[in-house]
Amino acid sequence: MTRTVKAGTLSIGGGNPISVQSMTNTDTADFDATLRQVGALFDAGCDLVRLAVRDTADIAVCKKLVKASRGPLSADIQFDYRLAVAAADAGFSKVRFNPGNVGGEAGVREIAAACKANGTAVRVGVNSGSIERDMLDKYGYSDRALAESALKGARLLEKAGFTDTVLSAKASSVKLTVDTYRYLRGVCDYPLHLGVTESGAYASGLLKSAVGLGALLLDGIGDTLRVSLSGDPVREIGAGRAILRAAGVDTAYCEVISCPTCARCRFDLNALAEEIERRTAHIKRPLKVAVMGCAVNGPGEAKHADLGVCGGGEGQAVLFVRGEVVKRIDPKDAARELMALIETYDERM
Ligand code: SF4
C-alpha cells in the first residue's frame, strides 16, 4: 500500500480511488480561457488540473484562478525554483517540478519549505528526456536510470523534511515506462502518477496509454494517472476513465458487451450497442449488458452478463436475464425493449 498524499480536497494513494488528471493548453495568463478549460475538465470528471506556470505574470493570474477553480489545481514548474515557491504561496494544491532543473539541492530545500508551510503536495516529475546525468553515467539509458532520477528528487525532499510527494517517471516508450514504474513500486511507497509521455495524437496516443497504463494497473500499480494526448485535453478524461474501466479498476458503470457480428446476425447490432452504451452512460453502479447477434453465442455465452438481447433469426430476438430468456421481441423494438428491461432491473438493484 502506498502512503496517502493530500492535494487540496484530493487524496492520492493509500488505497484511495485512482484519480484522473489533465493539463490545460490555454495561455495560463488568459484568465477567462484558462478558467473555462479548467471548468470543462472538471465537468468531464477530471480530479486535478495542472497549469503550466511560466513566469511571475502567470503567478499573478494563477492566484485568481486558484480562488475561482472548483477543484484542486497543480502548478507545472520548469527551471526556476522561485516559481514553485510562489505557486505554493499562491494556493496551488500541488506543485510539479523536476528536481534536476530547479537549482539542485538548494532549490529543492526552498520548495520543500514553501510547500510545507502552505500544505502543498509535490510531484517529482521526471521524463526519459530529463534523466539525471549521474544516473545516465551509472545505469545508462534505462528504466533504472529513469526511476533513480525520480527517487533522487524524492530523497532531496526527504532531506529537507518533506514527504508529501508523488512520483512520476514517464517515457514515450511504453516498455520503458512500464519497467520504470514496476521498479519504483518495488523500492518505495510514494504514490505513483502514471503516464506515457508524448504518446501522440488521439488514436495512437490512446493505444500506447492503454497498453502501458493497462499493464501497470493490472499489476495493481498506480495511484493517479494522466493520458497525454495532443489536442483538446478534455478528451484525456474520457480516455483515462475508459482505461480504468477496461483494466477492471473502475467497475461502477454499465458495461455493454457485444459480439463482432457475422453472417448469422440479422439486425443492426452495432447501432443498437452504441445506442445502449449512450443511454446507460448515467448508470454509476456495476451492470453488464450483452448485445449478441445470434443464439450461437447468445444467452449462453453472455450468461455472465446481468441481462441482454440476442438475435434469433429474421425478425426475431430474445431478451434474457442472467442467461434465461424472459421475452421474445422484434429486433426493431430492441432498443426500447432492452432499455425498459435495464430500467426495471436497475430499479430492483
Ligand atoms: S454471436 Fe452469433 S452473430 Fe455474433 S459473432 Fe457470434 S455467431 Fe456471429
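Before any of the text, the structure's been laid out above.
The sections below set out a description of the structure shown in this document. (Residues numbered from 1 in each chain as written. Predicted model: local features only at pLDDT ≥ 70, side-chain atom pairs only at ≥ 80, totals over all residues. Heavy atoms only, no water.)

A separate point is the side chain of Arg96. The topology assignment puts Arg96 in strand E6 (residues 94–97). Look at Arg96 and you get buried, because its relative accessible area is 8%. Engagement of the side chain of Arg96 in a polar contact is seen with the side chain of Asp76, the distance being 3.1 Å. Those residues within four positions of Arg96 in sequence are excluded, and the remaining contacts are Arg50, Ser74, Ala75, Asp76, Ile77, Gln78, Arg123, Gly125, Val126 and Asn127. (Helix = DSSP H or I, 4+ residues; strand = E, 2+ residues; numbered from the N terminus. Buried < 20%, exposed > 50% of the residue type's maximum accessible area, 1.4 Å probe, protein only. Polar contact = N/O pair within 3.5 Å; in protein donor to acceptor, adjacent residues only side chain to side chain. Contact = heavy atoms within 4.5 Å.)

Within a sheet, neighbouring strands are paired by backbone hydrogen bonds and run either parallel or antiparallel to one another. Strand order in the open sheet formed by 8 strands is E8-E7-E6-E5-E4-E3-E10-E9, with parallel pairing between adjacent strands. Pairing within the sheet leaves two strands with one partner each, and these edge strands are strand E8 (165–170) and strand E9 (193–194). Where strand E5 (residues 73–76) meets E6, 3 bridges bridge the pair, whose relative direction is parallel. Bridged to Ser74 within E6 is Lys94. Lying over the sheet, helix H6 (residues 143–159) contacts E6, strand E7 (121–127) and E8, oriented at roughly 150 degrees with respect to E7. (Pairing = 2+ DSSP bridges. Axes fitted to C-alpha atoms, helices over the stretch in contact; angles between N-to-C directions.)

Right, let's talk about the nonpolar core for a bit. Within the largest apolar cluster, 71 residues are counted, with the highest numbers of intra-cluster contacts made by Leu73, Ile77, Phe92, Phe97, Leu167, Leu194 and Leu225. It is H6 that contributes the most residues to this core, 8 residues altogether. Ignoring anything within four residues of it in the chain, the contact list for Leu225 reads Ile18, Ser19, Val20, Gln21, Leu194, Leu213, Leu217, Gly240 and Leu244. Counting 33 residues, the second-largest nonpolar core is a separate cluster that includes Phe267, Ile276, Leu307 and Tyr345. (Core = buried A, V, L, I, M, F, W, Y, C linked by side-chain atoms within 4.5 Å.)

So, about the pattern of salt bridges. For the coordinates displayed, the defined rule picks out 26 salt bridges. Ionic pairing is found between Glu105 and Arg109, a salt bridge with its closest N-O pair at 4.0 Å. Of this pair, Glu105 and Arg109 both sit in helix H4 (residues 104–118), 4 residues apart, which is roughly one turn of the helix. The class for Glu105 is partly exposed, based on a relative accessible area of 33%. (Salt bridge = Lys/Arg side-chain N within 4 Å of Asp/Glu carboxyl O.)

A word on the side chain of Glu148. For Glu148, the position within the fold is in helix H6. Not counting chain neighbours up to four residues away, the residues in contact with Glu148 comprise Met135, Tyr139, Arg155 and Tyr183.

Let us look at the packing of H4 against H6. Interhelical geometry of H4 versus H6 gives an angle of 60 degrees and a closest axis separation of 9 Å. With respect to their mutual orientation, H4 and H6 come out oblique. In this structure, H4 meets H6 at a crossing whose hand is right-handed. In this structure, H4 uses Glu105, Val108 and Ala112 to contact H6, whose residues at the interface are Leu156, Leu157 and Lys159. Its residues placed into classes, the contact of H4 with H6 shows 4 nonpolar, no polar and 2 charged. (Parallel < 35°, antiparallel > 145°, perpendicular 65-115°, else oblique. Left-handed = near helix turned anticlockwise from the far one by under 90°. Nonpolar A, V, L, I, M, F, W, Y, C, P; charged D, E, K, R; others polar.)

In the vicinity of the ligand, the contacting residues are Cys259, Pro260, Thr261, Cys262, Arg264, Cys265, Gly293, Cys294, Val296 and Asn297. Looking at the shell around the ligand residue by residue, the classes come out as 6 nonpolar, 3 polar and 1 charged. (Near = heavy atom within 4 Å.)

Right, let's get into the environment of Ile257. Checked against the element boundaries, Ile257 lands in strand E11 (residues 254–258). Spatially, the C-alpha atoms of Ile257 and Ser228 are 27 Å apart, while their sequence positions differ by 29 residues. Apart from the residues within four sequence positions on either side, Ile257 is in contact with Lys288, Val289, Ala290, Val291 and His304.

Let's shift gears to the packing of aromatic side chains. The tally for this structure, following the rule as stated, stands at 0 aromatic pairs. A cation sits over an aromatic face here: Arg3 above Tyr190, 4.4 Å from the ring centre. (Phe/Tyr/Trp six-rings, centres within 6.5 Å; stacked < 30°, edge-to-face > 60°. Lys NZ or Arg CZ within 6 Å of the ring centre and 35° of its normal.)

This part is about the sheet that holds strand E12 (residues 287–292). The 5 strands lie next to each other as E11-E12-E13-E14-E15, forming an open sheet whose pairing is mixed. Of all strands in the sheet, those with a lone pairing partner are E11 and strand E15 (324–329), marking the two edges. Ignoring which end each strand starts from, the neighbouring axes of this sheet average 20 degrees apart. The pairing of E12 with strand E13 (residues 307–311) spans 4 bridges and is parallel. The residue of E13 that forms the bridge with Ala290 is Gly308.

This part takes up the pairing of E13. Residues in a regular strand project their side chains so that they alternate between the two faces of the sheet. A large share of E13 lies buried, amounting to 5 of its 5 residues. The side-chain alternation of E13 yields two buried faces, one formed by Leu307, Val309 and Gly311 and the other by Gly308 and Cys310. Taken together, the 5 bridges between E13 and strand E14 (residues 317–321) define a ladder with antiparallel strand orientation. Looking at E14, one finds that Leu307 is bridged to Val321. Count of turn residues in the E13/E14 antiparallel hairpin: 5 residues, of which Gly313 carries a positive phi of about 105 degrees.

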